[in-house]
Amino acid sequence: MRTLALLALILASAWATEKRYDGYKVVQVKAKDVPSFQTLAKLYDEQSSIYDFWTEPRSLEEPIDIMVPPAYTETFERLLQTHNLEHRIKIADVQSAIEISRKDQALPTVVQEPRSRSGSLRYKLNWTEYHDYTTIVLFLAELAQNYPDIVTLITIGKTHENREMYMVKISNSQTSNATKNAILVDGGIHAREWIAPAFNTWLIHELVENYAAHPQYLDNLDWYILPVMNPDGYVYSFADDRLWRKNRNPVNGPCVGIDLNRNFGFHWNEGGSAGNGCDDTYHGPAAFSEDESANARDAILLVAERTKVYLSYHSYSQVWLTPWGYTVDLPEDYPLLFDLAQNAVNNLTAVYGTQYSVGSTTGLLYVASGGSIDWIKGDAGIPYAYTVELRDTGDYGFLLPADQIIPNNLEMWEAVKVVADYTMTIAN
């Protein structure tokens, strides 16, 4: 009891010093015509360091979620009136929403974790709460210890703040061979998108601890999973700023962080990223300038030859995206990518009726050069490359309640099974 009380006190102290969002609102805006859409696109391009676009300008048909700071409320309201923009308030006070969401945040894990009689770690990770990075690492370590014939925990390098980055290899060593196809999964490249690591850890659990229910997925495939691509940002989002997106490299002078999903080296800095270091989509001073993106690149290239599918999990929007992000052109094999994605989405929707859209990054979202999905297909040569934006469509946005974690995971598992079944049939 004394330990729990101490943890609660530590957490309360951390919350007292974190960035607050009192008076911030999330407004959903919809353009009526091309000029009004261009106004919003210009606001995104020129003032995204002021207005946090939770969803970027996509098309006339798609609404845009924008977080507006209280100091700019009147300015923003004048813009809405001037351009006669349809709008509604989705979150009236962001700080209140954050405080409500704290019930979904598990207490931090003490590094010196007690051990069971067998000597194994007793991890406390579950999927009814969101867990900190330490808890996730302990979960991975226990699985590697308890399932040595299936799980290999690989250290791929250090982050800017000197945290270990991990890749998990999941494979049945008894059926191991050099010709097995592989699936690569990552998530959490944007710190505030907590549902992505929550799915990735659940996927690891399902593949390993429920192996007997579907042995074909490990007997015939290798899996490489990077559960948290941005550990420093993820830690910061737990302790200091719930809505932090970038990494924590202070390369930008007064501002901190690079958007790691604009830092990959295929058509880097060719649109849809920012040169202003204070913007959330700042692409960094050079391609792969960041420890995290460079570590991921090096680890992925070691396994790319046998890897047929890449799934990068984000939130939010409920879309399943293909390349390209740097151009409106489509890959030559786009019909194949689309068909597999649509089949996966059909199975996902059959679970709870959740609707996902399928299309290219530029077709459904926006130009976004320097993303991992383009580099994976264009340079690493992995043919089926996807970005998947998980729940929801904006009612909660990045503050998705924890009671949606398991439904999200169950429906996405049905999609992953479709992908896995198909991957086993791809010829080397």
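Only a predicted model underlies this, so the values are computations on that prediction, with no experimental measurement involved. (Residues numbered from 1 in each chain as written. Predicted model: local features only at pLDDT ≥ 70, side-chain atom pairs only at ≥ 80, totals over all residues. Heavy atoms only, no water.)

## Regarding the overall build of the protein chain
For clarity, the cut-off: Strands are runs of DSSP state E lasting at least 2 residues, helices are runs of H or I lasting at least 4, and numbering of each runs from the N terminus. Values of the radius of gyration come from C-alpha atoms, whereas the globule rule sets the reference at 2.2 Å times the count of residues to the power 0.38. Using a 1.4 Å probe on the protein chains alone, a residue whose accessible area is under 20% of its type maximum counts as buried, one over 50% counts as exposed, and one in between counts as partly exposed.
Within the protein chain, the secondary structure is distributed over 13 helices and twelve strands. Taking 22 Å as the expected radius of gyration for a compact globule of 428 residues, we find that the protein chain reaches 21 Å, a close match to that expectation. With respect to the three principal axes, the spread of C-alpha positions in the protein chain is 65 × 60 × 45 Å. A total of 428 residues make up the protein chain; the buried ones form 58% of that total.

## Remarks on the packing of helix α10 (residues 334-352) against helix α13 (residues 405-423)
For any two helices packed against each other, one specifies the inter-axial angle together with the distance between the axes. As a reminder of what qualifies: Working convention: axes come from line fits to C-alpha atoms, limited for helices to the stretch in contact. Angles between N-to-C directions cover 0 to 180 degrees. Each crossing is labelled by how the near helix is turned from the far one, with a counterclockwise turn of less than a right angle marking it left-handed and a clockwise turn marking it right-handed. Throughout, a contact is declared for two residues whenever any of their heavy atoms are within 4.5 Å. Ten residues, namely Ala, Val, Leu, Ile, Met, Phe, Trp, Tyr, Cys and Pro, are considered nonpolar, four, namely Asp, Glu, Lys and Arg, are considered charged, and the remaining ones, Gly among them, are considered polar.
Interhelical geometry of α10 versus α13 gives an angle of 145° and a closest axis separation of 8 Å. The crossing of α10 and α13 is right-handed. Taken together, the residues of α13 that come into contact with α10 (itself represented by L340, N343, A344, N347, L348, V351 and Y352) are P407, L410, E411, M412, E414, A415, V418, V419 and Y422. Looking at the contact of α10 with α13 residue by residue, the classes come out as twelve nonpolar, two polar and two charged.

## A look at the state of the cysteines
Rules: Note on disulfides: each one is a pair of cysteine sulfur atoms within 2.5 Å.
Under the definition given, this model contains one disulfide. Each sulfur of the disulfide joining C255 and C278 lies 1.8 Å from the other. Taking the torsion about the S-S bond as the criterion, the C255 to C278 disulfide, at about 75°, is right-handed. Here C278 lies in the loop between α8 (231-239) and α9 (291-303) and C255 lies in the loop between α8 and α9, a separation of 23 residues in the sequence.

## Some details on the pattern of salt bridges
We count it as follows: Note on definitions: salt bridges are taken to be side-chain nitrogens of Lys or Arg within 4 Å of carboxyl oxygens of Asp or Glu.
One pass over the structure, following the stated rule, counts 17 salt bridges. Linking E99 and R20 is a salt bridge whose minimum nitrogen-to-oxygen distance equals 3.2 Å. With a gap of 79 residues between them, E99 in helix α4 (residues 94-101) and R20 in the loop between α1 (2-17) and β1 (25-30) connect regions that are remote in the sequence. For the salt bridge of E411 with R391, the shortest nitrogen-to-oxygen distance reads 2.8 Å. Of the two residues, E411 sits in helix α13 while R391 sits in the loop between β12 (384-390) and α13, which places them 20 residues apart along the sequence. You can call E411 buried: its relative accessible area is 0%.

## What about the sheet that holds strand β10 (residues 319-322)?
Under the convention used in this document: A strand pair is defined by DSSP finding two or more bridges across the two strands.
Ordered in space as β5-β6-β8-β7-β9-β12-β10-β11, the eight strands form an open sheet in which the pairing is mixed. Looking at strand neighbours, the two that pair on one side only are β5 (151-158) and β11 (357-360), the edges of this open sheet. Put simply, the sheet's adjacent strands are angled 20° from each other on average, direction ignored. By the bridge criterion, four bridges tie β10 to β11 in an arrangement that is parallel. Pairing of L321 across the sheet is with G359, part of β11. Relative to strand β8 (residues 221-226), helix α6 (residues 195-209) is tilted by about 150°, and along the sheet it contacts β5, β6 (164-170), β7 (181-187), β8, β9 (307-315) and β12. In this fold α10 packs onto β10, β11 and β12, with an angle of close to 40° to the strand it touches most, β12.

## Re the environment of P148
One can find P148 in the loop between α5 (133-146) and β5. Distance in space between the C-alpha atoms of P148 and S173 is 9.0 Å, their sequence separation being 25 residues.

## Examining the confidence of the model for the protein chain
Definition in use: pLDDT: the predictor's confidence for each residue, scored from 0 to 100.
The predicted model of the protein chain has a mean per-residue pLDDT of 92, with 93% of residues at 70 or higher. When the criterion is pLDDT under 50, residues 112-121 qualifies, and its contacts beyond four places in sequence or with other chains add up to 16 contacts.

## Examining the pairing of β8
Taken across its six residues, β8 has six buried, putting it largely inside the fold. Pairing geometry for β6 and β8, over three bridges, is antiparallel. Counted as the bridge partner of V168 is I225 from β8. By the bridge criterion, six bridges tie β7 to β8 in an arrangement that is parallel. Within the sheet, the bridge partner assigned to L184 lies in β8 and is Y224.

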